[in-house]
Amino acid sequence: MGLIANNDLFEILKGKDIYLDNDFLCRLLKDSQFSEEFLKISIKSFLKIDPLIEFEFYRDLYEPKSLQTRKNFLSSNAFNLIADTSEFFLKIKENALLLSKIYKLQNENGASLTDFFLAARIMVSYKNSLLITGNKKHFPSCVFNIEGVINTEHPQNGSINSFSVLSFNKEQFDTFFEKLDQITNKKTNNSVKIPFRINLDNFH
């Protein structure tokens, strides 16, 4: 069995930049039917691979055949590998650090370095970006909305795997940013302020 969506996934993804996490990317690689059906649904979208996700996708592979299989997969015209300028990377890093503070404030633990940077990338282009991940808990509801759910049956063992389609919630983020700002100022007697976030509406 291939892809099962709980809503009109084509319309949700249409015209969007879709960032894929490593779990979802590996599933596409291993399940040809699922991959074929997903690529048909996302034909009007732009599938993007963050540099850290690309690293994870290749990490620990040393057997030449396996490595070449993955390289061939990512070289498909379906995927867009991102090459950041140093300026853009520094902006993402700044927002990743800010997100880490908000997650801590909300007792949201478990996000990895890659998760923070992927979330920060979506944050700076939130109006046209979505994320597909198999680890929803690493992208908490304090700043992310669920736009859809993709289910698929594992071709070998019959288990059902779920992947979430997420969007960045700017309004929720602003709420927690202000809360963080108030707490920080209170504890430091206004002598130190948290850094200003990137202007999400005007960022290019």
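Residues numbered from 1 in each chain as written. Predicted model: local features only at pLDDT ≥ 70, side-chain atom pairs only at ≥ 80, totals over all residues. Heavy atoms only, no water.

K.L.:
Can you lay out helix α2 (residues 22-30) for me, pointing to particular residues and giving the numbers?
P.N.:
Residues of α2 that are buried: Asn 22, Phe 24, Leu 25, Cys 26, Arg 27 and Leu 28. A distance of 3.3 Å separates the backbone nitrogen of Asp 23 from a side-chain oxygen at the start of α2, and that oxygen is part of Asp 21. (Buried < 20%, exposed > 50% of the residue type's maximum accessible area, 1.4 Å probe, protein only. Helix = DSSP H or I, 4+ residues; strand = E, 2+ residues; numbered from the N terminus. Polar contact = N/O pair within 3.5 Å; in protein donor to acceptor, adjacent residues only side chain to side chain.)

K.L.:
Describe the pattern of salt bridges, with residues and values.
P.N.:
On inspection of all chains with the given rule, the structure shows seven salt bridges. The partner of Arg 27 in a salt bridge is Asp 31, and the shortest N-O contact between them spans 3.4 Å. A relative accessible area of 6% means that Arg 27 is categorised as buried. Among the residues examined, Asp 31 registers a relative accessible area of 5% and is labelled buried. Between Arg 121 and Asp 84 there is a salt bridge; the shortest N-O distance is 2.5 Å. Taken as a pair, Arg 121 in helix α7 (residues 113-124) and Asp 84 in the loop between β4 (79-81) and α6 (86-105) lie far apart in primary sequence, 37 residues in all. One salt-bridge network, in which partners are shared between bridges, spans Asp 50, Asp 84 and Arg 121. (Salt bridge = Lys/Arg side-chain N within 4 Å of Asp/Glu carboxyl O.)

K.L.:
Mind laying out α7, listing which residues take part and the relevant values?
P.N.:
Look at α7: 17 Å from first C-alpha to last across 12 residues, which is about the 16 Å you get at 1.5 Å a residue. Among the 12 residues of α7, 11 are classified as buried, and the element is accordingly described as predominantly covered. Listing the buried residues of α7 in full gives Thr 114, Asp 115, Phe 116, Phe 117, Leu 118, Ala 119, Ala 120, Arg 121, Ile 122, Met 123 and Val 124. (Expected span 1.5 Å × (residues − 1).)

K.L.:
So, the side chain of Arg 70: which residues are in play, and what are the values?
P.N.:
Residue placement: Arg 70 occurs in helix α5 (residues 64-74). Despite its burial, Arg 70 pairs with no opposite charge; the closest candidate is Asp 60, at 9.1 Å N-O. Those residues in contact with Arg 70 that sit more than four places away from it in its chain are Cys 26, Leu 29, Phe 57, Tyr 58 and Leu 61. (Lys, Arg positive; Asp, Glu negative; His and termini not counted. Contact = heavy atoms within 4.5 Å.)

K.L.:
Outline the pairing of strand β2 (residues 17-20), listing residues and values.
P.N.:
Covered by surrounding structure in β2 are Asp 17 and Tyr 19 together with Ile 18 and Leu 20, the residues of both alternating faces. Examined bridge by bridge, β2 and strand β3 (residues 46-49) share three bridges and lie parallel to one another. Bridged to Asp 17 within β3 is Phe 46. (Pairing = 2+ DSSP bridges.)

K.L.:
Break down the packing of α2 against α5 for me, citing the residues and quoting the values.
P.N.:
Packing of α2 against α5 brings their axes to within 11 Å, and their N-to-C directions diverge by 100°. Considering their axes alone, α2 and α5 lie roughly perpendicular with respect to each other. In this structure, α2 contributes Leu 25, Cys 26, Leu 28 and Leu 29 to the contact, and α5 contributes Thr 69, Arg 70, Phe 73 and Leu 74. Within the contact of α2 with α5, the residues separate by chemical class into six nonpolar, one polar and one charged. (Axes fitted to C-alpha atoms, helices over the stretch in contact; angles between N-to-C directions. Parallel < 35°, antiparallel > 145°, perpendicular 65-115°, else oblique. Nonpolar A, V, L, I, M, F, W, Y, C, P; charged D, E, K, R; others polar.)

That is the geometry; function is a separate question.
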